[in-house]
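Fold and geometry: a report
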Number of protein chains: 2
Amino acid sequence: MSFSFTIHATAGAARAGVFVTPHGPVSTPAFMAVGTLATVKALDPLDLEAMGAQMILANAYHLHLRPGDEVVRELGGLHRFMGWNGPILTDSGGFQVFSLEGLRTVTEDGVEFRSHIDGSRRHFTPESVIRIEGNLGADVIMQFDHVVPGQSDEGVAREAMERSVRWAGRCLEEFERLRDEARGTRDETNELVPRPSSLVPHEQTLFPIVQGGIHAELRRESVRALVDMHDWAGYGVGGLSVGEAKADMYGMLDVVDVALPADRPRYLMGVGFPEDLIEGVRRGVDLFDCVAPTRMGRNGTAFTDEGRINIKRADFRNDPRPIMEACGCSACRRFSRAYVRHLYVCDEILGLRLLSLHNVHFLVSLMRDARAALAAGTFDAWSRDWLARHHSKPEAQAR
Amino acid sequence: MSFSFTIHATAGAARAGVFVTPHGPVSTPAFMAVGTLATVKALDPLDLEAMGAQMILANAYHLHLRPGDEVVRELGGLHRFMGWNGPILTDSGGFQVFSLEGLRTVTEDGVEFRSHIDGSRRHFTPESVIRIEGNLGADVIMQFDHVVPGQSDEGVAREAMERSVRWAGRCLEEFERLRDEARGTRDETNELVPRPSSLVPHEQTLFPIVQGGIHAELRRESVRALVDMHDWAGYGVGGLSVGEAKADMYGMLDVVDVALPADRPRYLMGVGFPEDLIEGVRRGVDLFDCVAPTRMGRNGTAFTDEGRINIKRADFRNDPRPIMEACGCSACRRFSRAYVRHLYVCDEILGLRLLSLHNVHFLVSLMRDARAALAAGTFDAWSRDWLARHHSKPEAQAR
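What you are looking at is a predicted structure, and each value in this text was computed from that prediction instead of being measured.

Conventions and cut-offs
Here, residues in each chain are numbered from 1, in the same order as that chain's written sequence. Each chain takes a letter, starting from A, and each ligand takes a number, starting from 1, following the order in which they are written. Residues qualify for local features only when their pLDDT is at least 70, as the model is predicted, and side-chain atom pairs are given and counted only at 80 or more; totals for whole chains, interfaces and linings, by contrast, use all residues. Where helices and strands are cited, they refer to DSSP runs of H or I of at least four residues and of E of at least two residues respectively, numbered from the N terminus. Here the globule rule reads 2.2 Å times residues to the power 0.38, and the radius of gyration is calculated from C-alpha atoms. Note that contacts rest on C-beta atoms placed from the backbone: two residues are in contact if these are within 7 Å. Counting other C-beta atoms within 10 Å of its own, a residue is labelled buried from 20 upward, exposed at 12 or fewer, and partly exposed in the gap between, with every C-beta atom placed from the backbone. By this rule, a helix spans an expected 1.5 Å times one less than how many residues it contains. Summarising the geometry, the arc corresponds to the directions from the helix axis toward the C-beta atoms. Gly is put with the polar residues, along with every residue not named as nonpolar or charged; the nonpolar set is Ala, Val, Leu, Ile, Met, Phe, Trp, Tyr, Cys and Pro, and the charged set is Asp, Glu, Lys and Arg. Domain limits in this description derive from either an automatic procedure or a database domain assignment. A pair of strands is treated as paired once DSSP finds two or more bridges between them. Lines fitted to the C-alpha atoms define the axes, with helices restricted to the stretch that makes contact. Angles between their N-to-C directions range from 0 to 180 degrees. The labels follow the angle: roughly parallel below 35 degrees, roughly antiparallel above 145, roughly perpendicular from 65 to 115, and oblique for the rest. For this overlay, a least-squares fit was computed on C-alpha atoms, restricted to residues scoring pLDDT of at least 70 in both copies. Throughout, right-handed denotes a crossover for which the path from the first strand over the helix to the second runs clockwise when the strands point away from the viewer. Each crossing gets its hand from how the near helix is turned against the far one by less than a right angle, where anticlockwise is left-handed and clockwise is right-handed. In these notes, a nonpolar core means any group of buried Ala, Val, Leu, Ile, Met, Phe, Trp, Tyr and Cys residues linked to one another through C-beta atoms within 7 Å. By definition, pLDDT measures how confident the predictor is in each residue, and it falls between 0 and 100.

What follows concerns the overall build of chain A. From N to C terminus, chain A includes 15 helices and 19 strands. The C-alpha radius of gyration computed for chain A amounts to 21 Å, which stays within 12% of the reference 21 Å derived for 399 residues, consistent with globular compactness. In terms of its C-alpha atoms, chain A occupies a principal-axis envelope of roughly 75 × 45 × 45 Å. When contacts within chain A are restricted to residue pairs at least 6 apart in sequence, long-range pairs at least 24 apart make up 68% of them.

Have a look at this one:
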């Protein structure tokens, strides 16, 4: 089997482990940088390699529209296309499609929507999305799910959760059909005639997505139904950080942590900010992703140990210090705040790159520190200290 | 002396040599990438190092306005500010100031103009520009000159050329005053009391600029006046590639080549395109600079051995080949045209970086090939072949 997950250390619900994929191992907990359109915005794959990023994301919805998943397949799949030979995960695009408020119609079959690029009419079903993700060729592919706003009432959340479970089943069936098709053909006695191994693409694995909004019982039902359906290599936890209160999100993580099998990695989708990563790890989450570090970088904001800073601040004009004093990233090792501010103020592309690089490095390093604390048996104290320092910052109070 | 120039091989007027600066040697002929605002647009200094770029440019006018030359000085000078420890040349900003048509008034003293950033009133004189360039701390600094359009008649061109010569004298005087001030103070008997060497900044050298439009006699007069004035470490050749016919530009290079001292490097300012570099080297030019490779890169155009290509072309949508087949740049070694096109079409920053990187690498490599041909004694045939191939391309016919 090309996928495995081994836990090496725990502290309460928190775990340090290794998730093995066909493109290499991922030490968890880990933050995955988001490369929606097959590029982590403003960064080069070499930047990601140099900072120790292990696994990155891409998005099936966006890549289906541009350049087209068939094109990516023709060019050898996502890894070759984007020059990243490490593990990749594709999100199915459920979140994107359901965000097209007013441009989409949902039925049990799937979703009719209009492309946000050219308005063309499109139809996604659980089956078609799995075919798209098959063409893209990521290591981990996510099921097509029904996403609802974080504050949805129980009726709405139940409908979406139950549909997501049914769609997980359809995704799995199509996934297994494609996998068998890739491995060989059946002869007249239904015996497998294997394809030459050079023609078999690397294995993928499909993660289902736990839904249920902020309703504990729905989350538990979702997990039960998915666990009963199949022995998945890992689980996504979706529909969080989409408008609900932080306390509700953390509460749901506690519920899901207890309900999910302990020996499979859990991926908390679309989360998050540094404090959310720490809170998530404390509640048994292994994988995270979020556009925040690159998006905030392009908006001139940098994560630091002292809280967020806006690089445009007038007092940075002649500040010789790096973005963050203790940081070992390629931006902080070489450049002053004054220089990065200058680049940003002058709309220079290098400024966007340096800020994005620093921010992704910040989250990748934070998870490296969490793993080290888990391995050393100091995680509980380390994470409490980190959170206490964080909550003492003015910005944390304001939120 | 911190600056020297040694010629190792010649072929007709063409020369291969080494121009030594306080921040290292520059093998000539060489193309210098333009980093107007202390960044070569879309590139990282590490990209430039990796491709073998030797010397880069920055611009005194732009850096005086943002972030301010005093700020750059306070932060340790341009080299430290921008993280580039190789040789740097600053252009004085004469070209930029004289381009502010309608926003400037020229007198013998200098130029009054309004900042293109905030409309604030500014005054540049030869002396003030040298002080700005002193603060920036490049290795080579250019005189403040009077630039006129390429098609200017003899009267206009003469006035600008003669003023540029007078301003060269004033620049030199201020340059020497600042240099002496940096080295130490004079006691009551006018004896030099040297400053501790740790406080003396690295040496700079000032290049004058040959002007005279497309009028051979004016060019010769300009050279004579400058050569009589001082034993300069090198010469700029300005006011070309500013609207005149190519044949006129090449004609002026022939004139200037004969007139200038052979043992000093010649820097043809703001040139150019690949064919202009080859034509320039054949006429004794040693250094070039131009924004074309980065500007065209940001516009989706790439230089190749087969002529220019526009990456947006529909047939590149699934083209697995690199931008240019024989290219060894970091973009071509890793990515397909299909990927770079995808990035460009989706406004992804990495696309701008890869195209800019490829284009600068193309010119840096072209000059490396020219040096190799000069060293091997094959330059005349090599450059003729190159030009013949170039002129056989459809794009060359169209221009």
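We now examine the environment of Thr 39 of chain B. Along the chain, Thr 39 of chain B falls in the loop between strand 4 (30–34) and helix 1 (45–51). Note on Thr 39 of chain B: 25 C-beta atoms within 10 Å, which makes it buried. Each C-alpha atom, one on Thr 39 of chain B and one on Leu 57 of chain B, is 9.0 Å from the other, the two residues being 18 residues apart in sequence. Look past the residues within four positions of Thr 39 of chain B in its chain and what remains in contact with it is Leu 343, Glu 348 and Leu 350 of chain A together with Met 82 of chain B.

Moving on, we get to helix 8 (residues 216–229) of chain A. All names here are of chain A. Between the first and last C-alpha of helix 8 there are 20 Å, a value that for 14 residues agrees with the 20 Å anticipated at 1.5 Å per step. Along helix 8, the positions that sit buried rather than exposed are Leu 218, Arg 219, Ser 222, Val 223 and Leu 226. For helix 8, the buried positions fall inside an angular range of 135° around the axis, keeping them on one side. What points out from helix 8, more than 90 degrees from its buried face, is the exposed set Glu 217, Arg 224 and Asp 228.

At the junction of the two partners, chain A supplies 30 residues and chain B supplies 30 residues. Breaking the side of chain A that touches chain B down by element, the ones donating at least two residues are helix 3 (69–74), helix 4 (78–82), helix 12 (337–345) and helix 13 (349–376) of chain A. With five residues, the top contributor of residues to the side of chain A that touches chain B is helix 12 of chain A. Residues belonging to the side of chain A that touches chain B are distributed by class as follows: 17 nonpolar, five polar and eight charged.

Time to look at the domain arrangement of chain A. Residue and element names in this part refer to chain A. Assigned domains of chain A: these are domain 1 (4–290) and domain 2 (301–390). The distance between the C-alpha centroids of domain 1 and domain 2 comes to 28 Å. Contact residues are listed per partner, giving 25 residues for domain 1 and 24 residues for domain 2. Elements that contribute at least two residues to the side of domain 1 that touches domain 2 include exactly strand 1 (4–11), strand 2 (14–21), strand 4 (30–34), helix 1 (45–50) and helix 10 (274–282). Partitioned by chemical class, the residues of the side of domain 1 that touches domain 2 number 17 nonpolar, four polar and four charged.

Residue and element names in this part refer to chain B. Read across the open sheet, the three strands follow the order 1-2-3; overall the sheet is antiparallel. The two strands at the open ends of the sheet, each matched to only one other strand, are strand 1 (4–11) and strand 3 (24–28). On average, each strand axis in the sheet is tilted by 15° relative to the strand beside it, whichever way the strands run. Of the strand pairs in this sheet, strand 2 (residues 14–21) and strand 3 are connected by five bridges, and their pairing is antiparallel. Of the residues in strand 3, the one forming a bridge with Thr 21 is Gly 24.

On to the packing of helix 7 (residues 154–183) of chain B against helix 8 (residues 216–229) of chain B, then. All names here are of chain B. The geometry of helix 7 relative to helix 8 is characterised by a closest axis approach of 10 Å and an angle of 10° between their N-to-C directions. Here helix 7 lies roughly parallel to helix 8, going by the angle between them. Taking contact as the criterion, the partners of Glu 154, Ala 157, Arg 158, Met 161, Val 165, Ala 168, Gly 169 and Leu 172 in helix 7 are, on helix 8, Leu 218, Ser 222, Ala 225, Leu 226 and Met 229. Of the residues contributing to the contact of helix 7 with helix 8, the split by class is nine nonpolar, two polar and two charged.

The subject of this paragraph is the relation of the copies chain A and chain B. By a simple turn and slide, chain A fits onto chain B: the slide is 0.0 Å along the axis, the RMSD is 0.0 Å, and the turn is 180°. The transformation just described matches what one would write down for a two-fold rotation axis. For chain A, the smallest separation between a C-alpha atom and the rotation axis is recorded for Ile 349 of chain A, amounting to 3.7 Å. Most of the interface of chain A is mirrored in chain B, where 100% of its interface residues again form contacts.

Residue and element names in this part refer to chain B. Burial along strand 5 (residues 56–59) is two-sided: the residues Ile 56 and Ala 58 and Leu 57 and Asn 59 are all buried. In terms of strand pairing, strand 4 meets strand 5 through two bridges, oriented parallel. Bridge pairing links Val 34 to Leu 57 in strand 5. Each parallel crossover has a hand, and the one from strand 4 via helix 1 to strand 5 is right-handed.

Here we take up the packing of helix 10 of chain A against helix 14 (residues 379–391) of chain A. Packed helices, taken two at a time, are described by the angle between their axes plus the distance between the axes. All names here are of chain A. Two elements in contact, helix 10 and helix 14, have axes whose closest approach is 10 Å; the angle formed by their N-to-C orientations is 150°. Comparing their axes, helix 14 and helix 10 come out roughly antiparallel. Every pair of crossing elements has a handedness; the one defined by helix 10 and helix 14 is left-handed. On helix 14, the residues that touch Glu 275, Ile 278, Val 281 and Arg 282 of helix 10 are Ser 383, Trp 386, Leu 387 and His 390. Across the contact of helix 10 with helix 14, the residue classes tally to four nonpolar, two polar and two charged.

As a further point, take the nonpolar core. One broad trend across soluble globular proteins is that nonpolar side chains are buried collectively. Counting residues in hydrophobic clusters, the biggest one holds 244 residues, and the most contacted among them are Met 32, Ile 56 and Val 340 of chain A together with Met 32, Ile 56 and Val 340 of chain B. Residues contacting Ile 56 of chain A, with those up to four places away along its chain left out, are Met 32, Ala 33, Gly 35, Val 40, Leu 48, Trp 84 and Ile 88 of chain A.

Moving on to the sheet that holds strand 7 (residues 104–106) of chain A. Residue and element names in this part refer to chain A. Strand order in the open sheet formed by three strands is 7-8-9, with antiparallel pairing between adjacent strands. Two strands in the sheet have a free side with no partner beyond their single neighbour: strand 7 and strand 9 (121–124). Averaged over neighbouring strand pairs, the angle between their axes works out to 15° when direction is ignored. Two elements, strand 7 and strand 8 (residues 111–114), share three bridges in a ladder whose sense is antiparallel. Residue pairing in the sheet places Thr 105 in a bridge with Glu 112 of strand 8.

Another point: unusual backbone geometry. Here the residue pair Thr 28 of chain A and Pro 29 of chain A is connected by a cis peptide bond, since its omega of 0° sits within 30 degrees of zero. Structurally, the position occupied by Pro 29 of chain A is in the loop between strand 3 (24–28) and strand 4. That bond from Arg 66 of chain B to Pro 67 of chain B is cis: its omega, 5°, falls within 30 degrees of zero. Among the secondary structure elements, Pro 67 of chain B is positioned in the loop between helix 2 (60–65) and helix 3 (69–74). Positive phi values are uncommon outside glycine, yet Ala 42 of chain A reaches one of about 75°. Turning to its location among the elements, Ala 42 of chain A is positioned in the loop between strand 4 and helix 1.

All names here are of chain B. Examined against the element boundaries, Gly 102 turns out to sit in the loop between helix 5 (94–98) and strand 7 (104–106). Accessibility expressed as a C-beta count within 10 Å gives 6 for Gly 102, which makes it exposed. Sequence separation between Gly 102 and Arg 73 is 29 residues; the distance between their C-alpha atoms is 31 Å.

What follows deals with the environment of Val 255 of chain B. Residue and element names in this part refer to chain B. In this fold, Val 255 is placed in helix 9 (residues 246–259). Owing to 20 C-beta atoms within 10 Å, Val 255 belongs among the buried residues under this scheme. Residues Val 255 and Asp 347, spaced 92 residues apart in sequence, show a C-alpha to C-alpha distance of 45 Å. Excluding residues that lie within four positions of it along the chain, Val 255 makes contacts with Ala 216, Arg 219 and Arg 220.

Next up on the list: the confidence of the model for chain A. Per-residue confidence for chain A gives a mean pLDDT of 95; residues scoring 70 or more make up 98%. This complex was scored by the predictor with a pTM of 0.97 and an ipTM of 0.97.

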